[in-house]
Amino acid sequence: NAGVTQTPKFRVLKTGQSMTLLCAQDMNHEYMYWYRQDPGMGLRLIHYSVGEGTTAKGEVPDGYNVSRLKKQNFLLGLESAAPSQTSVYFCASGTTTGELFFGEGSRLTVL
Amino acid sequence: SQQGEEDPQALSIQEGENATMNCSYKTSINNLQWYRQNSGRGLVHLILIRSNEREKHSGRLRVTLDTSKKSSSLLITASRAADTASYFCATALNTGGFKTIFGAGTRLFVKA
């Protein structure tokens, strides 16, 4: 039982490059989330999903796209990476009572 | 600005003492949760309190919620060095699913 798995764990991009972060959960949760965490700050919600085929904007959605084609997977895409997107990205899946389970994070550096 | 704001930003105490962290939020919520994050790791869920609850206990944790003041507190009793971590409150807004927003966190350091 892996819980929430994020890939890759580390990535370095050049400005303008694109990439996709993959989140997979094996707990059959309906809700999934992508957050970013910058030094000394809390988590800021990028996008979230309340079920397969659905997505919704969070607090800081600009520059990111997401897809939830399968219930167990939630993909976060950066079409044209910018240095301001250097951050640690966390994926979480959530129960219907609101409890979130987090992955270990993906550290992204944009040069 | 974020929905939840924690206070203090940092807290340093001796092992065995109690640690209290506070969280304020701005809008109506469905529930409020507290999470713990060890350095370099993902967040771990500690406790959830619903908007119609006023107090909840889990082991050495005690959480209170005052919806009239839009505030919550987390009390860790008899702290241990292993409690050293960052603690975050998160508020869940029911938008047909839970939109969960985090505060900036309190860094707790427990000295042995």
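What this report covers is the structure whose coordinates are included nearby. The model shown is predicted, which means the values in this text are computed figures rather than measured ones. (Residues numbered from 1 in each chain as written. Chains lettered and ligands numbered in written order. Predicted model: local features only at pLDDT ≥ 70, side-chain atom pairs only at ≥ 80, totals over all residues. Heavy atoms only, no water.)

Some thoughts on the overall build of chain B
Across its full length, chain B holds zero helices and 11 strands. When the helices and strands of chain B are placed in sequence order, the string is β-β-β-β-β-β-β-β-β-β-β. A compact globule built from 112 residues should have a C-alpha radius of gyration of about 13 Å, and chain B, at 13 Å, falls within 12% of that. Projected onto its principal axes, the C-alpha coordinates of chain B cover approximately 45 × 30 × 20 Å. For chain B, the proportion of its 112 residues judged to be buried stands at 47%. Here the analysis covers contacts within chain B between residues at least 6 apart in sequence; of these, 55% occur between residues at least 24 apart. Carbon and sulfur atoms make up 46% of the accessible area of chain B, which amounts to about 5200 Å² in all. Counting 14 positive and 9 negative side-chain charges, chain B places the averaged centre of each group 5 Å from the other. (Helix = DSSP H or I, 4+ residues; strand = E, 2+ residues; numbered from the N terminus. Rg over C-alpha atoms; globule rule 2.2 N^0.38 Å. Buried < 20%, exposed > 50% of the residue type's maximum accessible area, 1.4 Å probe, protein only. Contact = heavy atoms within 4.5 Å. Areas by Shrake-Rupley, 256 points an atom, 1.4 Å probe, with all protein chains shown as cover. Lys, Arg positive; Asp, Glu negative; His and termini not counted. Charge placed at Lys NZ, Arg CZ, Asp CG, Glu CD.)

Considerations on the interface of chain A and chain B
Contacts between chain A and chain B engage 25 residues on the former and 24 residues on the latter. Looking at the side of chain A facing chain B, the largest losses of area belong to Leu43(A), Phe102(A) and Glu104(A), adding up to 23% of the total buried there. Where chain A touches chain B, the interface holds one salt bridge. Between Arg41(B) and Glu104(A) there is a salt bridge, and its shortest N-O distance comes to 2.6 Å. Mapped by element, the contributors of at least two residues to the side of chain A that touches chain B are β4 (31-37), β5 (43-49) and β10 (100-102) of chain A. Its residues placed into classes, the side of chain A that touches chain B shows 11 nonpolar, nine polar and five charged. (Buried area = accessible area lost by both parts, 1.4 Å probe. Salt bridge = Lys/Arg side-chain N within 4 Å of Asp/Glu carboxyl O. Nonpolar A, V, L, I, M, F, W, Y, C, P; charged D, E, K, R; others polar.)

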